[in-house]
Amino acid sequence: MEGFNNTLLTEFILMGITDQPSLQNFLFTFVLFFYLLDLCGNLTIVSLVVRDPSLQSPMYFLLANLSFVDMLFSSVAVPKMMVGFFVENTITVKGCITQMYFFHALGCIEGVLLAVMGYDRYVAICHPLRYISIMSSSTCIQLVFASWFIGLTYSLINAIMTSQLPFCNNRRIKHFFCDVKPVMKLACRDTHDNEVTVLMVSGFICIINFSLTMLSYVYIITHVLKMTSSKGSSKIFSTCSSHLTIVILFYGTAICTYLGPSSETSLEKDKIAAILFTVITPTLNPIIYTLRNKEVRNSITKLTQRRLGFGCHQMSRTISISEFSRLPIFGLFLRIFAITSLNCFKNTLKTMYNLLLCAYP
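If you're wondering where the values come from, they're calculated on a predicted model, not measured in any experiment. (Residues numbered from 1 in each chain as written. Predicted model: local features only at pLDDT ≥ 70, side-chain atom pairs only at ≥ 80, totals over all residues. Heavy atoms only, no water.)

Colleague: Just to check I follow, could you spell out the packing of aromatic side chains for this structure?
Modeller: Ring pairs (aromatic) are described by centroid distance and by the angle formed between their planes. This structure, assessed with the given rule, holds 16 aromatic pairs. With a centroid separation of 6.4 Å and an interplanar angle of 25°, the aromatic rings of F26 and F30 are classed as stacked. Taken as a pair, F26 and F30 lie in helix α2 (residues 21-51) at a separation of 4 residues, close to a single helical turn. Among the residues examined, F30 registers a relative accessible area of 29% and is labelled partly exposed. Chaining the aromatic ring pairs together yields one cluster made of F73, F103, F176, F177 and F277. (Phe/Tyr/Trp six-rings, centres within 6.5 Å; stacked < 30°, edge-to-face > 60°. Helix = DSSP H or I, 4+ residues; strand = E, 2+ residues; numbered from the N terminus. Buried < 20%, exposed > 50% of the residue type's maximum accessible area, 1.4 Å probe, protein only.)

This is the structure we're talking about:
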């Protein structure tokens, strides 16, 4: 036993997305672009909800929480992944367990928030007269608190089980962050019981949240089909289809990753799925949930005009809301990014600049 303990590892090596040098620079630029877009879009939503009283309603309160979780969720894995494009990406065992804990906690919190937001839309569409009483401020706070409690508690199971495993010789994690399945593969003892536990717990959490979310939209669609106004029903269908796109993308990748078989081939596929729900989905959330919303566009217009000195009557007539709303989404991002987020991103951009120097010496 003494000799066995002496061989226990103290750090791992994250293998990253690919080992092909020809793809390193392209993937780094791709991930950097979407990561900054993710931070920009979600920080914009949080700032708008905090600053604009017209957006301080239950729906936007939940959206702001989702945006906040999305920023944290991406930041747990993506910066460390970008470092690994150019240098050997080592991480201590304790750091690995910590990253795993927060990644699964924030992922679970996002899943619960998506279910809560589906319920919020169900109440708003199917019971509009009771919406204020049902989705009161105290109820929203309790639901958000419950999502954090569930996520932080659920993630403890994976973290505690993994921390009790012995890691001896192989220290190369075939992933770009510390996920539970590839880390368990490195243990120097049988992990069948651990894998079954992860499958059962993750499966229960995913299926319950996904079922509750879909149930809300089933009731919404059933209610819309009974409506006589074609204009109102088409608008609701358009909104619900956009929301369902995010839900299916998020849960589809999560279910395939954590409920699928564990093998060398599946671990390679898990990398692709992980890129979707750590890089792509958090970037799409602010676009689909809020930036298509007229109230959000109006809030962005007011904030931009106030910050850039467009308060005079003549300038207000020159740039109308309808004209501003027709600006490309990416241009909209850049304007809000320059106005509200420059100081917040200063340190992040310095780090990214140093990484770019490594990528393009």
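Colleague: Would you mind going over the pairing of strand β1 (residues 11-14) with me for this structure?
Modeller: Two faces belong to every sheet, and in a regular strand the side chains alternate between them. In this sheet, strand β2 (residues 89-92) lies alongside β1 in antiparallel orientation, the contact comprising 4 bridges. If you follow F12 over to β2, its bridge partner there is I91. One ladder, built from 2 bridges, connects β1 with strand β3 (residues 172-173); its direction is parallel. Residue L14 lies in a different strand from β3, and its bridge partner there is I173. (Pairing = 2+ DSSP bridges.)

Colleague: Mind showing me how you'd approach the side chain of N209 here?
Modeller: Looking at the element boundaries, N209 is found in helix α8 (residues 192-225). Other than its neighbours up to four places away in sequence, N209 contacts C108, G111, V112, A115 and Y251. (Contact = heavy atoms within 4.5 Å.)

Colleague: Would you explain the UniProt feature "transmembrane region" (unreviewed entry) in the protein chain in this entry?
Modeller: UniProt annotation of "transmembrane region" (unreviewed entry) refers to residues 26-50, 62-87, 99-119, 131-157, 199-220, 241-260 and 272-291 when read in the numbering used here. When the span residues 131-157 is considered, its composition is 93% helix and 0% strand, and the gap between its end C-alpha atoms is 36 Å. (UniProt positions renumbered as here; feature names shortened; annotations may be inferred.)

Colleague: What exactly am I supposed to notice about the pattern of salt bridges here?
Modeller: Applying the stated criterion across every chain, the model contains 2 salt bridges. For E11, the salt bridge goes to R171, with nearest N and O atoms at 3.2 Å. Separated by 160 residues along the polypeptide, E11 in strand β1 and R171 in the loop between α6 (137-163) and β3 bring together distant segments of the chain. The partly exposed category is assigned to E11, whose relative accessible area is 29%. Since its relative accessible area comes to 28%, R171 is described here as partly exposed. R121 serves as the salt-bridge partner of D120, at 2.9 Å between the closest nitrogen and oxygen. For the pair formed by D120 and R121, the shared burial category is buried. (Salt bridge = Lys/Arg side-chain N within 4 Å of Asp/Glu carboxyl O.)

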